[in-house]
Number of protein chains: 2
Amino acid sequence: MTTPLPPHLSEATFSRALTRFAEIVGREWVLSTPQDRHTYLDAYAVGSGHEHMPAAAVAPASVEEVQALLRVANEFKVPLWQISRGKNLGYGAAAPVMPGCVVLDLSRMNRILEVNEKHGYCLLEPGVGFYDLYNYLREHNIPLWMSTPGNAWGSVVGNALERGLGYTPYGDHASKICGMEVVLPSGELVRTGLGAMGGNVAWQNYQYGFGPSWDQMFVQSNFGVVTKMGLWLMPEPEMTLQAQIYLPREDDIAWAIDELGELRLRDVIRHPFVFGNYLHDAAALTQRSEWYEGEGALPDSVIEQIIRHFNIGWWKFRVALFGYEEEVRAQEKVVRAALEPQLGSELNFTSWRRGDPLEQAAARAPSVFALQIVNWHGGRGGHIGFSPVMPTDGQLALAQVKRMKARYAEFGLDYYTSFTMGQRHINNVNLILYNRDDERMVQNADALFRTLITDAQQAGYAEYRTHISYMDPVAASFDFNDHALLRLNEAVKDTLDPNGILAPGKSGIWPRQYRDQQRGSEAAARYARKEV
Amino acid sequence: MTTPLPPHLSEATFSRALTRFAEIVGREWVLSTPQDRHTYLDAYAVGSGHEHMPAAAVAPASVEEVQALLRVANEFKVPLWQISRGKNLGYGAAAPVMPGCVVLDLSRMNRILEVNEKHGYCLLEPGVGFYDLYNYLREHNIPLWMSTPGNAWGSVVGNALERGLGYTPYGDHASKICGMEVVLPSGELVRTGLGAMGGNVAWQNYQYGFGPSWDQMFVQSNFGVVTKMGLWLMPEPEMTLQAQIYLPREDDIAWAIDELGELRLRDVIRHPFVFGNYLHDAAALTQRSEWYEGEGALPDSVIEQIIRHFNIGWWKFRVALFGYEEEVRAQEKVVRAALEPQLGSELNFTSWRRGDPLEQAAARAPSVFALQIVNWHGGRGGHIGFSPVMPTDGQLALAQVKRMKARYAEFGLDYYTSFTMGQRHINNVNLILYNRDDERMVQNADALFRTLITDAQQAGYAEYRTHISYMDPVAASFDFNDHALLRLNEAVKDTLDPNGILAPGKSGIWPRQYRDQQRGSEAAARYARKEV
């Protein structure tokens, strides 16, 4: 296989650029062997993932090195793809949208710069992992809780930058961002919010600033490289209660989402939580072959078997309550009154009080257990997430389940879904699990995904996040006024990044250098022609 | 007095532009008499306010008219200054930063496009006032509560766009924005968030979207004209409790801010509230001459008299609790446990339950009563707000009070302050009250304001919002990396608004057409030379 190169660059020019990179970060931190390149591919990709092959990677240790790298990238027109720790699993991991990018790997920048106990915040570099922060808080006996996503392998900063979700009241991670330091594509350093004043003492206390507020512009974005992020942490509560709840029937989602939505809207339940189907347990704990060897999606009879075996329902979710004991007990009453009449049984809450072992509290330690699901089919397991946003509405949710389950069946794939409950919305995260060694299954997964984008748009739903292979068609589904918002993003992109060097194609935003070429690319064209 | 004109425009050219505007909106909605111009000045300005004299105003009735006006403005290079209802009192009201702008008055666009009871949101045009929305909700018997600012004369949308504050759990108005429709300076129409997908049904349910999130970029901004805004409303709670609390001594602020900060951080008290000094009551209910006729700031002896007379303390604040009855009663216990030992007395809560008259609930109906304070000195009263953001910290707050009170005294002005409590920060809103007919007092007010900007910066505090006369020096105080954030804003401004037609100078952001001229302006230069 030939070395992938940045578009328009000769091997000699690229080699000179790498030499310059090495002068900045040291030779050992320019990673350009074939094996290096492969480590930055998505291990769960739909297909080989080689269409996202980077040309190399470079790993700076400081903000100054990031700035210097960006300046050289501008000089040589080398496109970069920034990652925090590269664990954006289900959405492309560390791999760039465009092949031939150099991965800007920030995982060496892993300092916890500040943890403020009184005000409940931290200031982090992008390389800090969930385990790092968790351990730091425990080792220093700091009574602040972090929110961890289902798979906590990755970066705290990176997860917030992708709008990742956790399951405490601080679980909408992007909403807890407070102040950033960002290297712009030019290499220029900015601080957002109150940090735009040198020496400001409230940078991590107040989310805005003076004038337009930039933080959320660097989220799911290729407008800059985030080198520091302020993030709010939750003060340890006095008490938590949590209950695991099972609902026996598919249709139960209709009443449950409405009741739970009301409790979320009224801040009785204050955390995002996963309302997930039977396949969550089955795929994490077993393999498909233990249940069924036939073609196509699992038949309903097998689904019934699974539900009986694990003694779970069609749906499973966990609600938790956090606060002072009086508050928690009051919320418990409200939750019981809302749910128990329909459940027909009493909720079984388990409690934790300050001082009890933390494992019993309603806050998860980081874990990667959920990743077991990729082994469902055997072979080299893969998964991608299809994640439209819906209003919190039981009837809409039920209709979505019926439509989606039928679509999965049409493409012969098992329906894995969850409805992660926000205050007024649901992130309907659907995973597609496949065996990467089964070419037909992989093709079906791709075709299913493309169909789901169209289906969602027809229902009036848009994705909140997507895999690097589908950023163009998802971006294309944002079509109001001939894609006005995308054109706005591209205008800003061209201004901030005139050489088009930073993360071309991220969130469907292409710099002008690659725009026409990409829009004309085979994948996008197929989608546009509705041939999917 | 000669007609103020847009810079670089002849009277004849400007006249032709007005004719074109009239073709779009109708002749009666182009307002260009001297009297018209005066109605758009700041009635409370420090000085005459004539340095902010608009050339005219134009009032469109629809999005299409806004788009058409912007296109003509581009053609003729006429700078516009968009206002919602123009009641940004204390911060410049309807007047533009730069004289000769044409005020783009959106107050005729006053439709309430949607109120969604189930999901708790509304979709508004910028001309909808607080009274309008309040009346609409009551008349249609919709159990959603709005949050109103101290002076509720203005626009709901406009207030959120200036990061105005109210006093319910939805009181951080900018944080409740969910989706916008915006006319860019070019006349192009965009929708942000999920609205960027035509026909999306969750536009007002989810605050982000796919890729960079723009909503907060149009706040305190001159990047576009907001023509629709989604805003979250609070579902009517089952019960509220509220208590008015007085603290006798200046120093009480230290313990009180720390205790209250902890209750805010832990979401027991969930609303912003004003922690204000004695002058709030005195200035709203009486005139200064009833207390004191001498020169300089009120002496401490008179302050004592005021405090005794009204039987208030040095500090006054009102905390409220919202929710289901069990929750509210639980929160009450936590609040009592936190505050009563230091107060040495029991809190006196008044309650409201669903069905009781709304006037008794802890949610204010719109009111303009607070505006009475401008009559404190007699004459034509004026006020401006100096509003730095601080971390929630009792010792810092006390130090700030001592420093500020001394500064006010140094300039012979009465100290009017409030600390509006956010979750981790305080908006320290200080009003300067003056008699506009007293030239020396006005000069002192101006000099005090400029001194406060420098003082705040030295203490590490920045303003969250400022008057149009001080946007340049405040913007200049954001000095990290040679004003990197301002340069970023200006780069985007020049891209989106190549002709520099929208709100030049808003938040200190000047389009390139006016940049050098303004940066070299007398006021900015004085500030830069620290001659203030």
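Residues numbered from 1 in each chain as written. Chains lettered and ligands numbered in written order. Predicted model: local features only at pLDDT ≥ 70, side-chain atom pairs only at ≥ 80, totals over all residues. Heavy atoms only, no water.

1. Concerning the overall build of chain A
Next, step 1: Along chain A, the regular secondary structure elements total 15 helices and 20 strands.
Next, step 2: Relative to the globule expectation of 24 Å for 532 residues, the C-alpha radius of gyration of chain A, 23 Å, shows essentially globular dimensions.
Next, step 3: Seen through its principal axes, chain A has C-alpha atoms that stretch 70 × 55 × 45 Å.
Next, step 4: Taking all 532 residues of chain A together, 67% fall into the buried category.
Next, step 5: Taking contacts inside chain A between residues at least 6 apart in sequence as the whole, the part at least 24 apart equals 73%.
Next, step 6: Summing over all exposed atoms, chain A offers an accessible surface of approximately 17,900 Å²; the carbon and sulfur share of this is 48%.
Next, step 7: Looking at charge distribution, chain A has the averaged site of its 49 positive side-chain charges lying 3 Å from that of its 61 negative ones. (Helix = DSSP H or I, 4+ residues; strand = E, 2+ residues; numbered from the N terminus. Rg over C-alpha atoms; globule rule 2.2 N^0.38 Å. Buried < 20%, exposed > 50% of the residue type's maximum accessible area, 1.4 Å probe, protein only. Contact = heavy atoms within 4.5 Å. Areas by Shrake-Rupley, 256 points an atom, 1.4 Å probe, with all protein chains shown as cover. Lys, Arg positive; Asp, Glu negative; His and termini not counted. Charge placed at Lys NZ, Arg CZ, Asp CG, Glu CD.)

2. Looking at the pairing of strand β6 (residues 121-124) of chain A
Residues and elements named next belong to chain A.
Next, step 1: Of the two faces of β6, both are covered, the one formed by Y121 and L123 as well as the one formed by C122 and L124.
Next, step 2: Summarising the sheet, strand β5 (residues 112-116) and β6 pair through four bridges and their orientation is antiparallel. Across the sheet, residue E114 finds its bridge partner in β6, namely L123.
Next, step 3: Counting the residues in the hairpin turn of β5 and β6 gives four residues, including G120, whose phi is positive at 70°.
Next, step 4: Of the strand pairs in this sheet, β6 and strand β10 (residues 225-232) are connected by four bridges, and their pairing is antiparallel. Across the sheet, C122 pairs through a bridge with L231, a residue of β10. (Pairing = 2+ DSSP bridges.)

3. Quick word on the sheet that holds strand β9 (residues 189-191) of chain B
In a beta sheet, neighbouring strands are held together by backbone hydrogen bonds and run either parallel or antiparallel to one another.
Residues and elements named next belong to chain B.
Next, step 1: The strand order across the open sheet formed by five strands is β5-β6-β10-β8-β9, and the pairing between neighbours is antiparallel. Of all the strands in the sheet, just β5 (112-116) and β9 have a single pairing partner and so form its edges. Neighbour to neighbour, the strand axes of the sheet diverge by 10° on average, direction disregarded.
Next, step 2: With five bridges joining them, strand β8 (residues 177-183) and strand β10 (residues 225-232) adopt antiparallel strand pairing. Following the sheet pairing, M180 is matched in β10 by M229. (Axes fitted to C-alpha atoms, helices over the stretch in contact; angles between N-to-C directions.)

4. A short note on the interface of chain B and chain A
Often, the extent of an interface is quoted as the loss of accessible area on bringing the components together.
Next, step 1: Each side of the interface is counted separately: chain B has 98 residues, and chain A has 98 residues.
Next, step 2: For the chain B and chain A pair, buried surface summed over both sides reaches about 8,200 Å², with 63% attributable to carbon and sulfur atoms.
Next, step 3: Its largest share of buried area at the contact with chain A, chain B owes to F210(B), R424(B) and F480(B), together 11% of the area lost on that side.
Next, step 4: For the pair chain B and chain A, the interface holds six salt bridges.
Next, step 5: Between R487(A) and E188(B) there is a salt bridge whose closest N-O contact spans 2.5 Å.
Next, step 6: Summed over the shared surface of chain B and chain A, the result is 45 residue pairs in polar contact (both at pLDDT 80 or more).
Next, step 7: For the side of chain B that touches chain A, the residue count by class is 47 nonpolar, 31 polar and 20 charged. (Buried area = accessible area lost by both parts, 1.4 Å probe. Salt bridge = Lys/Arg side-chain N within 4 Å of Asp/Glu carboxyl O. Polar contact = N/O pair within 3.5 Å; in protein donor to acceptor, adjacent residues only side chain to side chain. Nonpolar A, V, L, I, M, F, W, Y, C, P; charged D, E, K, R; others polar.)

5. Quick look at the domain arrangement of chain A
Residues and elements named next belong to chain A.
Next, step 1: The domains assigned to chain A are domain 1 (11-107 + 489-531), domain 2 (112-235) and domain 3 (239-465).
Next, step 2: A C-alpha centroid distance of 27 Å is found between domain 2 and domain 3.
Next, step 3: If you look at the interface, domain 2 gives 22 residues, while domain 3 gives 24 residues.
Next, step 4: Roughly 2,000 Å² of surface becomes buried between domain 2 and domain 3 when both sides are summed, with 65% attributable to carbon and sulfur atoms.
Next, step 5: Counting the surface domain 2 buries against domain 3, the share from its top three residues, W145, N151 and Y167, is 33%. (Domains from an automatic or database assignment.)

6. Notes on the sheet that holds strand β3 (residues 80-83) of chain B
All names here are of chain B.
Next, step 1: If you walk across this open sheet you meet the four strands as β1-β2-β4-β3, and the pairing is mixed. Every interior strand has two partners, whereas the edge strands, β1 (30-31) and β3, have only one.
Next, step 2: Of the pairings in the sheet, the one linking β1 to strand β2 (residues 56-58) comprises two bridges and is antiparallel in character. Its bridge partner lying in β2, V30 is registered against V58.

7. Side note on the relation of the copies chain B and chain A
Next, step 1: Expressed as a screw operation, the relation of chain B to chain A combines 0.0 Å of axial shift with a rotation of 180°, fitting to an RMSD of 0.0 Å. Read as a symmetry element, the transformation amounts to a two-fold axis. When each C-alpha of chain B is compared by its distance to the rotation axis, E327(B) comes out closest, at 2.9 Å. (Least-squares fit on C-alpha atoms with pLDDT ≥ 70 in both.)

8. What about the side chain of H425(A)?
Next, step 1: On the secondary structure map, H425(A) appears in strand β19 (residues 425-435).
Next, step 2: H425(A) gets classed as buried once you look at its relative accessible area, which sits at 10%.
Next, step 3: Of the polar contacts made by the side chain of H425(A), one reaches the side chain of N427(A); its length is 2.9 Å.
Next, step 4: Apart from the residues within four sequence positions on either side, H425(A) is in contact with V389(A), M390(A), P391(A), T392(A), T420(A), N205(B) and Y206(B).

9. Quick word on the packing of helix α1 (residues 11-25) of chain A against helix α3 (residues 63-76) of chain A
The packing of two helices is summarised by the inter-axis angle and the distance between the axes.
Residues and elements named next belong to chain A.
Next, step 1: Running from N to C, α1 and α3 cross one another at 165°; their axes reach a closest spacing of 10 Å. One way to sum up the angle between α1 and α3 is to call them roughly antiparallel. When you trace α1 past α3, the crossing you get is right-handed. Counted together, T13, R16, A17, R20, F21, I24 and V25 of α1 and E65, A68, L69, V72, A73, E75 and F76 of α3 form the full contact between these two elements. (Parallel < 35°, antiparallel > 145°, perpendicular 65-115°, else oblique. Left-handed = near helix turned anticlockwise from the far one by under 90°.)

10. Some points on the packing of aromatic side chains
Next, step 1: Per the stated rule, a full pass over the model turns up 28 aromatic pairs over all chains.
Next, step 2: Judged by centre distance (5.8 Å) and plane angle (10°), the ring pair of F210(A) and F478(B) falls under stacked. Residue F210(A) is found in the loop between β9 (189-191) and β10, and its partner F478(B) is found in the loop between α12 (471-476) and α13 (480-496); the two belong to separate chains.
Next, step 3: Looking at F478(B), the relative accessible area reads 7%, which means it is buried.
Next, step 4: With centroids separated by 5.7 Å and ring planes inclined at 90°, the aromatic side chains of Y206(B) and Y208(B) adopt a geometry described as edge-to-face. The burial state of Y206(B) is the same as that of Y208(B); both residues are buried. (Phe/Tyr/Trp six-rings, centres within 6.5 Å; stacked < 30°, edge-to-face > 60°.)

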